[in-house]
Amino acid sequence: MRTANHVLFRFIPNWIGYSRVVLALLSFVVMVVNLEHHRLQYQQQQQLQQQQQQHEQQHPEPLRQSQFLWPWGLGLYLSSFVGDLFDGWAARYWNQTSSFGAVLDMVTDRCATLGLLMILAMEYAILAVTTTSTSTTDSPIISLSSSSSSLSIWYLSACLGMIALAILDMASHWFQMYASLAVGGAVHHKSAEGNRDRHFLVQWFYKYYWFFGYLCVGAEFTYVLLYLQIQYQYQYYHPWQSLLPRLVQVCLYICLPGCAMKQVVNVAQLTSASRAIAAYDARLYNERNHAATPSPQAPQAATMDRPPNAAQKKDR
């Protein structure tokens, strides 16, 4: 029994993929609105500081506009991430594996990570601006232990770092997919055949599930924990709530090595896939030149096989 094209779009694992896309988009909307609240909170804080300087009044407690907004965005993003654990299982359980589902899963993963890294970059950019602007006043919004100029440089570096990680993640996976599908003969980018000539770290990454899982989960949770850590800098907590930031710090120590190793694998994946594509181009180039260039033995062979003319017969 044949399956129509429109039926493939209604496969159960594909519906899970669609829900992941919706959840990721909603999380980014909430996070962007949260960024706007941070900007408004900073402007209100500046106005309160000016009033304090003019009227010599005690500085009131800052507004908590974004205190209960960002957890919704983070929860939506984590729900989209958890959905990645079920779409593959559902595809195998109901025998509904498809190339469309595989591409949807990979593109959703990459775009979700890209979106979170861009949100982190904007958060660090706002922190850099607020840190520089509050260098001459004691602002209770951001608790700084070192000089504001050093922290501003650090936040700007973190902003650029998030952008660089996003570019590396997208480029390495794009090169890997192209090298596997277009160059490797339409094989899966995670298969052993598709990674036969790749860097050994890339082979390990797709061969050993525990290695693959720790690096992927470690990278994603590092970004989530960094986002959570940034939100703490805009909030006030009671003494009993100080345990949560410490727990985030401990989780960062666990996840950060996996995130760092994931970037090493991304670099290895990018370089090895580039070499595979270059080798494919070189092979095609050599084949075209070999076909266009006549063999030097051909004229001699043609002369030897040619029958003798009248002058040659006379000489004989």
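We now turn to the structure provided with this report. All figures in this text were calculated on a predicted structure; none of them were measured in a lab. (Residues numbered from 1 in each chain as written. Predicted model: local features only at pLDDT ≥ 70, side-chain atom pairs only at ≥ 80, totals over all residues. Heavy atoms only, no water.)

1. Let's talk about the overall build of the protein chain
In step 1: If you tally the helices and strands in the protein chain, you get 10 helices and zero strands.
In step 2: In the protein chain, the succession of α and β elements from N to C terminus is α-α-α-α-α-α-α-α-α-α.
In step 3: Classification of the 316 residues of the protein chain by burial places 37% in the buried group.
In step 4: Pairs at least 24 apart in sequence give 79% of the contacts found in the protein chain among residues at least 6 apart.
In step 5: Accessible area for the protein chain stands at about 19300 Å²; split by element, carbon and sulfur atoms hold 65% of it. (Helix = DSSP H or I, 4+ residues; strand = E, 2+ residues; numbered from the N terminus. Buried < 20%, exposed > 50% of the residue type's maximum accessible area, 1.4 Å probe, protein only. Contact = heavy atoms within 4.5 Å. Areas by Shrake-Rupley, 256 points an atom, 1.4 Å probe, with all protein chains shown as cover.)

2. Observations regarding the packing of helix 7 (residues 209-232) against helix 8 (residues 243-292)
When two helices pack together, their arrangement is given by the angle between the helix axes and by the axis-to-axis distance.
In step 1: Orientation of helix 7 relative to helix 8, taken along the N-to-C sense of each, is 135°, at an axis distance of 6 Å. Here helix 8 runs oblique to helix 7, going by the angle between their axes. By crossing handedness, the relation of helix 7 to helix 8 is classed as left-handed. (Axes fitted to C-alpha atoms, helices over the stretch in contact; angles between N-to-C directions. Parallel < 35°, antiparallel > 145°, perpendicular 65-115°, else oblique. Left-handed = near helix turned anticlockwise from the far one by under 90°.)

3. Structural notes on the packing of aromatic side chains
Between two aromatic rings, the relevant description is the distance of the centres plus the angle of the planes.
In step 1: The full count for this structure, using the stated rule, is 15 aromatic pairs.
In step 2: Summarising the aromatic geometry, the rings of F205 and Y206 are spaced 4.9 Å apart at their centres and angled 75° between planes, so their arrangement reads as edge-to-face. In terms of burial, F205 and Y206 fall into one category: buried.
In step 3: Members of the aromatic cluster, each reached through a chain of ring pairs, are F205, Y206, Y209 and F212. (Phe/Tyr/Trp six-rings, centres within 6.5 Å; stacked < 30°, edge-to-face > 60°.)

4. Notes on the pattern of salt bridges
In step 1: One pass over the full model with this rule turns up six salt bridges.
In step 2: For the salt bridge of R20 with D84, the shortest nitrogen-to-oxygen distance reads 3.5 Å. One end of the pair, R20, is in helix 2 (residues 12-55); the other, D84, is in helix 3 (residues 70-93), and 64 residues separate them in sequence.
In step 3: Judged by relative accessible area, which is 3%, R20 ranks as buried.
In step 4: With a shortest N-O distance of 3.0 Å, D105 and R20 are connected by a salt bridge. Taken as a pair, D105 in helix 4 (residues 99-133) and R20 in helix 2 lie far apart in primary sequence, 85 residues in all. For the pair D105 and R20, one class covers both residues: buried.
In step 5: One salt-bridge network, held together by shared partners, links R20, D84, D87, D105 and D109. (Salt bridge = Lys/Arg side-chain N within 4 Å of Asp/Glu carboxyl O.)

5. Quick word on the side chain of D87
In step 1: Within the element layout of this structure, D87 appears in helix 3.
In step 2: D87 gets classed as buried once you look at its relative accessible area, which sits at 7%.

6. What to know about the environment of S152
In step 1: Mapped onto the secondary structure, S152 falls in helix 5 (residues 148-183).
In step 2: Expressed as a C-alpha distance, the spacing of S152 and A125, which sit 27 residues apart in the sequence, is 8.9 Å.

7. Some details on the nonpolar core
In step 1: Of all hydrophobic cores here, the largest spans 36 residues; its most connected members are M31, L120, Y124, M162 and Y223.
In step 2: When contributions to this core are tallied by element, the ones reaching two or more residues are helix 2, helix 3, helix 4, helix 5, helix 7 and helix 8.
In step 3: The contact partners of M162, leaving out residues within four places of it in the chain, are L117, M118, L120, A121, Y124 and L226.
In step 4: Membership of the second largest hydrophobic core comes to nine residues, among which are V202, F205, Y206 and V265. (Core = buried A, V, L, I, M, F, W, Y, C linked by side-chain atoms within 4.5 Å.)

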